[in-house]
Amino acid sequence: MKSIASAPGKVILFGEHFVVYGTKAILCSINKRITTTSQFLDKKIVKIKSDLGEKEIDIDSLANLDEVFPEFLRPLFHIAYDALEENSKNKGIEITLESEIPYGVGLGSSSAACVSATASVNGLFRKLTKETILKKAIEAERIIFKQTSGADSAVSVFGGLMTFDTKIGYEKLSIRNNLNLVIANSLQIHNTQEIVKQVKNFKEINKELFEKLTIKEEEIVKNAIVAIEKNDLKKLGVLMLENQYLLEQIGVSTEKLDILISEAKKSSYGAKITGAGGGGCIISLVDENNSKETISHLGKISNSFMAKIDYTGITYL
Ligand code: PMV
């Protein structure tokens, strides 16, 4: 018996970094997914197969995850161990992940892996509710990313557009808008925690400026929700560029990202960094009139691909 589940990655449309200090951010899941296939093994081991390598560990050794390397596999071993314990099963599990989401560039690959693995592994026993999948996936991700807000996992589970802030948490937007994005991957792997720390230092040294930028970001996010509702691409593009300017001011852009933005600006409605910056990806807003031109511009200097909003979220196959 096989249990297969698939979960989408995400982009942050507006509000990254400022969200850490209470501003609302807007996220959406994208039609790039991680699919996880799980099956029982007679041998009492957990075996993980992915594009990033293979690893198998005896179940008895999984009680202490601190000794599991590479570290990024710990959440997946935890998910398998937790499911086997909860269902007192005297077996092993093999988990195979197949990903369309580039790793480590802010597109939510780690959350999508945890969400799809939680659904797939537990699906060997019974199908969990979306709420339980989310709770377990966040618990798994926190093993390596202690500070994660859970927003990436939430948008991966439920799909679509959502706002997130630290007080209210995530709120699904009921708007169904078919935004088309060109995502350009700088291929510079970024470390979110490091960049968040760097922004914290910037904020401490530039208190007044940061306050002003925060007010600006709040306005941008408010206006962006209205523009998404109206499907006003021109306005959304302008807001993306304004948001990009704020991100540049807090120092999270790089020379490579600046080049990608200026290239994207030539033909798209607007472009900005998505996620932490310091590398990673930019997104640019397009429609059928300018998508080919934009992808051809960006494709010459980066790994670029088209993405749409995914409205399905986690799904069993
Ligand atoms: O690059 P990502 O997708 O990990 O984005 C991080 C988003 C930040 O706002 C920079 C940090 C956070 O915890 O919200």
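See the structure shown above.
Calculation criteria
- Residues numbered from 1 in each chain as written.
- Predicted model: local features only at pLDDT ≥ 70, side-chain atom pairs only at ≥ 80, totals over all residues.
- Heavy atoms only, no water.
- Near = heavy atom within 4 Å.
- Polar contact = N/O pair within 3.5 Å; in protein donor to acceptor, adjacent residues only side chain to side chain.
- Areas by Shrake-Rupley, 256 points an atom, 1.4 Å probe, with all protein chains shown as cover.
- 1 Å grid on protein atoms, 1.4 Å probe; cavity = no way out; pocket = protein on both sides within 12 Å on 5 of 7 lines; lining within 4 Å.
- Sits in = over half its atoms within 2 Å of the grid points.
- Helix = DSSP H or I, 4+ residues; strand = E, 2+ residues; numbered from the N terminus.
- Nonpolar A, V, L, I, M, F, W, Y, C, P; charged D, E, K, R; others polar.
- Expected span 1.5 Å × (residues − 1).
- Salt bridge = Lys/Arg side-chain N within 4 Å of Asp/Glu carboxyl O.
- Pairing = 2+ DSSP bridges.
- Axes fitted to C-alpha atoms, helices over the stretch in contact; angles between N-to-C directions.
- Contact = heavy atoms within 4.5 Å.
- Phe/Tyr/Trp six-rings, centres within 6.5 Å; stacked < 30°, edge-to-face > 60°.
- Buried < 20%, exposed > 50% of the residue type's maximum accessible area, 1.4 Å probe, protein only.
- Lys NZ or Arg CZ within 6 Å of the ring centre and 35° of its normal.
- Core = buried A, V, L, I, M, F, W, Y, C linked by side-chain atoms within 4.5 Å.

**Section: the site of the ligand**
Thinking step 1. Surrounding the ligand, one finds Lys10, Ile12, Glu16, His17, Val19, Val20, Gly106, His190, Thr192, Val196, Gly275 and Ala276.
Thinking step 2. Separating an oxygen atom of the ligand from a side-chain N or O atom of His190 is a distance of 3.3 Å.
Thinking step 3. Relative to its free-state accessible area of 380 Å², the ligand is covered by the protein chains to the extent of 80%.
Thinking step 4. Using a 2 Å cut-off from the grid points, one finds that the ligand occupies the largest pocket.
Thinking step 5. Of all elements in the fold, only β1 (2-14) and α5 (192-205) reach the threshold of two or more residues within the shell around the ligand.
Thinking step 6. Considered class by class, the residues forming the shell around the ligand number 5 nonpolar, 5 polar and 2 charged.

**Brief notes about α5**
Thinking step 1. Look at α5: 20 Å from first C-alpha to last across 14 residues, which is about the 20 Å you get at 1.5 Å a residue.
Thinking step 2. Near the N-terminus of α5, the side chain that reaches the backbone nitrogen of Gln193, with its oxygen 3.1 Å away, is that of Asn191.

**Focus: the pattern of salt bridges**
Thinking step 1. Inspection of every chain in the model, using the stated rule, returns 17 salt bridges.
Thinking step 2. Residue Glu171 pairs with Lys24 through a salt bridge whose shortest N-O separation is 3.7 Å. With a gap of 147 residues between them, Glu171 in strand β7 (residues 169-172) and Lys24 in the loop between β1 and β2 (25-41) connect regions that are remote in the sequence.
Thinking step 3. Salt-bridge contacts for Arg33 lead to Asp310; the nearest nitrogen and oxygen are separated by 2.6 Å. You can see Arg33 sitting in strand β2 and its partner Asp310 sitting in the loop between β11 (303-308) and β12 (315-316), a full 277 residues away along the chain.

**Some details on the sheet that holds strand β9 (residues 270-274)**
Thinking step 1. One open sheet accounts for 4 strands, arranged β9-β10-β8-β11; its pairing is antiparallel. Either end of the sheet is taken by a strand with one partner, and the two such strands are β9 and β11. Each adjacent strand pair in this sheet contributes to an overall mean axis angle of 25°, direction not counted.
Thinking step 2. Pairing of β9 with strand β10 (residues 281-286) involves 5 bridges; the strand directions are antiparallel. Looking across to β10, one finds that Lys272 is bridged to Ile283.
Thinking step 3. Packed on one face of the sheet, helix α9 (residues 291-299) meets β8 (180-185), β10 and β11 and runs near 150° to β11.

**A look at the packing of aromatic side chains**
Thinking step 1. Counted according to the given criterion, the structure contains 6 aromatic pairs.
Thinking step 2. Geometrically, the ring pair formed by Tyr21 and Phe210 is edge-to-face, given 5.5 Å between the ring centres and 85° between the ring planes. Of this pair, Tyr21 sits in the loop between β1 and β2 while Phe210 sits in helix α6 (residues 207-230), placing them 189 residues apart in sequence.
Thinking step 3. Owing to a relative accessible area of 3%, Phe210 belongs among the buried residues under this scheme.
Thinking step 4. Feature note: the residues Phe18, Tyr21, Phe202 and Phe210 constitute an aromatic cluster, connected by ring pairs.
Thinking step 5. It is Arg74 that lies over the ring of Phe69; its NZ or CZ is 4.8 Å from the centre.
Thinking step 6. Seen from the ring of Tyr316, Lys127 lies directly overhead, with NZ or CZ sitting 4.7 Å from the centre.

**As for unusual backbone geometry**
It is generally the case that most residues other than glycine have a negative phi and that most peptide bonds are trans.
Thinking step 1. In this structure, the amide linkage connecting Phe69 to the following residue, Pro70, adopts the cis form with an omega of -5°.
Thinking step 2. Looking at where Pro70 falls in the secondary structure, it is placed in the loop between β4 (53-58) and α1 (74-86).
Thinking step 3. Its identity is not glycine, yet His17 carries a phi of approximately 70°, on the positive side.
Thinking step 4. Summarising the element assignment, His17 is placed in the loop between β1 and β2.
Thinking step 5. The exposure class assigned to His17 is buried, which follows from its relative accessible area of 4%.
Thinking step 6. Of note, the phi angle at Asn231 is positive, near 55°, even though the residue is not glycine.
Thinking step 7. Summarising the element assignment, Asn231 is placed in the loop between α6 and α7 (233-249).

**A few points about the nonpolar core**
Thinking step 1. Membership of the largest hydrophobic core comes to 100 residues, with the highest contact counts inside it found for Leu13, Phe14, Ile26, Leu161 and Ile282.
Thinking step 2. In contact with Ile26, other than residues within four places in its own chain, are Val11, Ile12, Leu13, Phe14, Leu161, Met162, Thr163, Leu173, Val221, Ala224, Ile225 and Ile228.

**Focus on the environment of Lys136**
Thinking step 1. Mapping Lys136 onto the fold places it in helix α3 (residues 130-141).
Thinking step 2. Of the residues examined, Lys136 reaches a relative accessible area of 12% and is grouped as buried.
Thinking step 3. C-alpha of Lys136 to C-alpha of Glu242: the two residues are 106 residues apart in sequence and 37 Å apart in space.
Thinking step 4. Excluding residues within four positions of it along the chain, Lys136 makes contact with Asp82, Glu86, Thr118, Asn122 and Leu128.
Thinking step 5. Within polar-contact distance, the side chain of Lys136 engages the side chain of Asp82 at 3.0 Å.

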